[in-house]
Amino acid sequence: MNRNAFSAALAAAGLALMSAPAFAQEQAASLDDKVNQIFSNSTGWFVSLIFSNFPGTNFPWIVAWLVIGATVFTLYFGFIQFRAVGHSIALVKGDYSDPNDAGEVSHFQALATALSGTVGLGNIAGVAVAVGIGGPGATFWMILAGLMGMASKFTECTLGVKYRNEYPDGRVSGGPMYYLTKGFAERGLPGGKILAVLFSIFCILGALGGGNMFQANQAHQQISGIVGDYPGWITGVIFAGVVFAVIVGGLKSIAKVTEKVVPFMGIVYVGTALIIILMNADQIGWAFGQIFEGAFTGLGVAGGMVGALIQGFKRAAFSNEAGVGSAAIAHSAVRTKEPITEGFVSLLEPFIDTVVVCTMTALVIIITGQLMTDPETGLYLVGDNGMIKTIDGSSGVSLTSAAFGSSISWFPYILALAVVLFAFSTMISWSYYGLKAWTYLFGEGETKELVFKIIFCIFVVIGAAANLGPVIDFSDAAIFAMAVVNIIGLYFLMPIVKRELNSYMSRLKSGEIKKFE
Amino acid sequence: MSGKFVVGYDGSVSARRALEFAVDRARAQGGTIVLTHVLEWSPYSFLTPQELEERHSRRKEEMTRAEKAIMTTVKAELDDAGLPNEVVIRYGNTAEILGRVAKEHNAVQIIIGRDGQSALGARVFGSVAGALVQTAPVPCTIVP
């Protein structure tokens, strides 16, 4: 998904937008300001705690937390993300699925649903911010962090399936709150319940913020960028209406259409990126040269090599949500006798999200020459704001748009449509993640669930209408707070995953687990 | 010899015609009818998280409904007529499942109806009859 690095660029864009019709909006703006003020006063400490840097650097500790977690899981499971890829693909294809289970949730479906929650604005806009600040070298670190994140996903999704709740009526519910409670109890460790409650609280806040307001806000920016400026609440009400129809009204048709169009959009996006890269085939060698050289020297970007590394790591962590725990909720519905199989499948998720989709965005921006270099030194030109100067001065989503548009003039329209659809599908996914956390805290029940769903829809309108920077900062912080709680849990529970892995691998080797015809 | 006749049955008028055709053949040869109902399903479709959660219970509901609505009534008719029969309800691609059921039961023939789709319609959306003819492991009869 699409987070913080991006919201900074966004806030800048938002400011520019707000200042133009400032006179008429003075009153509204002052109300926004008041809300912002109150909100940032009461939550600012939390935001700065989560996003604070290591002393003397501008490296946020939360990014290190995610990357260290990913590294630990990678080593602990012996580079599972490279060993198991073949088997993962076989599982997704259904080679190991019992034909008698047809009609149940397949590995492919669980993966596709989880992906539609993570592939989103971050892949399009967030990457542009990362490359815009960190230069081409950021791409290298982003890919590396994406590859490491596969191990975190593997761990959390295996646990998600293993400790899910199966209700008498056949429904299943899983996720970190369940494995934290049950897994800790099984190992005789204290504190599982506290972690689960904390996780749920952060998950609800993250769902309302990053999974909702931020998406609505971005979708509005995109639409108004094409049709001209108009009040955000209009977008908000329309979006809220559609979201309401899906999550409250149970209007499956809309969800079905989106769920079909979103993967298609993803394929169109990657396909177009590939075409643009091929159109500039003579530049491919140069672009990779820039990526590798930039990764270790920075090529003049703010902060040099470390600057590129921070941006790349940050983008990967924010985009694929590995270690955050959200995907474990979606993955836990799969029909399988072996929880570990869903772990294998889920490790493809950061690969597709970060290593494929994010990298495509980065390559297109680099290869179309959007970033300006000094012809004499070959270094990138950095503006006063720390961002690399671009041809038309754009950043964030408009940089991506400009890069695609420079090769295919009408693609920005398709891109805008993709952004809106990605935003919508991310909202649907997060409404569900939030709801699961909500029911974990307050119990299941139609009224209780309805309360959350209505709150969720109201926040869509707020998100689209207002320029609530601090609120969005807070919700970003909440999503990463989920990762703090979740990864602590994963450290304690990883021996359980190891046991599952060893048992499964030996049975796979002995032929006890085999492909179905 | 008592062959088995796999009949693709979905409750439609054309399926009914296919069944009648099969009943005649089975009676003449002393064969068994394998009534097969396929719930169209692809493991590669896309679902929302909510649908994922409910999938297992929905599947149970759908199975029960299919058993009750389509199969028990027809099965009762066949029983009354004194024809040996079996009922199979499966999820999946209709043509594929019919072929697989025929193989599993060592059937001598697959019989399905068709509803007279236009050639263009069949080209765009594909047709069960077309796919079955291409893939069936045993002879196939398509009852118009």
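Everything quoted here is computed from the prediction, not taken from an experiment.

J.: Please give an account of the overall build of chain A that cites residues and values.
T.: Check the secondary structure of chain A and you find 21 helices and two strands. Against the compact-globule benchmark of 24 Å for 517 residues, chain A has a radius of gyration of 22 Å, which places it among compact chains. Its C-alpha atoms give chain A principal-axis dimensions of about 65 × 55 × 45 Å. Sorting the 517 residues of chain A into buried and exposed places 56% on the buried side.

J.: Report on the interface of chain A and chain B, specifying residues and quantitative values.
T.: Contacts between the two partners involve 27 residues from chain A and, on the opposite side, 21 residues from chain B. Of all the secondary structure elements, the ones that give two or more residues to the side of chain A that touches chain B are α6 (107–118), β2 (172–173), α12 (252–279) and α19 (411–442) of chain A. Broken down by element, the side of chain A that touches chain B gets its largest block of residues, five residues, from α6(A). Residues that form the side of chain A that touches chain B fall into these classes: twelve nonpolar, nine polar and six charged.

J.: So what about the packing of helix α8 (residues 137–162) of chain A against helix α13 (residues 284–297) of chain A? Which residues, and what values?
T.: Residues and elements named next belong to chain A. At their nearest, the axes of α8 and α13 sit 6 Å apart, and the two run at 85 degrees to each other. Classified by the angle their axes make, α8 and α13 are roughly perpendicular. Of the residues in α13, those in contact with Gly-137, Thr-139, Phe-140 and Trp-141 of α8 are Ile-291, Phe-292, Gly-294 and Ala-295. Per-class residue counts for the contact of α8 with α13 are five nonpolar, three polar and no charged.

J.: Tell me about the nonpolar core, residues and numbers included.
T.: Residues Val419(A), Val460(A) and Met482(A) are the most contacted members of the largest nonpolar core, which totals 173 residues. Examining the composition of this core, we find that 19 residues originate from one element, helix α21 (residues 469–510) of chain A, more than from any other. Apart from the residues within four sequence positions on either side, Met482(A) is in contact with Phe199(A), Phe202(A), Cys203(A), Gly206(A), Val324(A) and Gly325(A). Ala26(B), Val74(B), Leu98(B) and Ile112(B) belong to the second-largest nonpolar core, a separate cluster that totals 28 residues.

J.: So what's going on with the confidence of the model for chain B? Residues and values would help.
T.: Here chain B averages 86 in pLDDT, and 91% of its residues register 70 or above. Within chain B, the lowest mean pLDDT, 65, falls on helix α4 (residues 119–125) of chain B, and the highest, 92, falls on strand β1 (residues 4–8) of chain B.

J.: Provide a residue-level description of the sheet that holds β1(B), including the pertinent values.
T.: All names here are of chain B. On the basis of which strands lie adjacent, the open sheet formed by five strands has the order β3-β2-β1-β4-β5 and parallel pairing. In the strand order of this sheet, the two ends are held by β3 (85–92) and β5 (140–143), each with one partner. On average, each strand axis in the sheet is tilted by 25 degrees relative to the strand beside it, whichever way the strands run. The pairing of strand β2 (residues 32–40) with β3 spans eight bridges and is parallel. Pairing of Glu-40 across the sheet is with Gly-92, part of β3.

J.: Summarise the environment of Gln109(A); cite the residues concerned and give the values.
T.: Structurally, the position occupied by Gln109(A) is in helix α6. Overall, the presence of 25 C-beta atoms within 10 Å leaves Gln109(A) in the buried class. C-alpha of Gln109(A) to C-alpha of Val334(A): the two residues are 225 residues apart in sequence and 7.9 Å apart in space. Apart from the residues lying within four places of it in its own chain, the contact partners of Gln109(A) are Pro43(B), Ser45(B), Phe46(B), Leu47(B) and Leu52(B).

Basis of the calculations
Residues numbered from 1 in each chain as written. Chains lettered and ligands numbered in written order. Predicted model: local features only at pLDDT ≥ 70, side-chain atom pairs only at ≥ 80, totals over all residues. Helix = DSSP H or I, 4+ residues; strand = E, 2+ residues; numbered from the N terminus. Rg over C-alpha atoms; globule rule 2.2 N^0.38 Å. Buried ≥ 20, exposed ≤ 12 C-beta atoms within 10 Å, placed from the backbone. Contact = placed C-beta atoms within 7 Å. Nonpolar A, V, L, I, M, F, W, Y, C, P; charged D, E, K, R; others polar. Axes fitted to C-alpha atoms, helices over the stretch in contact; angles between N-to-C directions. Parallel < 35°, antiparallel > 145°, perpendicular 65-115°, else oblique. Core = buried A, V, L, I, M, F, W, Y, C linked by C-beta atoms within 7 Å. pLDDT = per-residue confidence, 0-100. Pairing = 2+ DSSP bridges.

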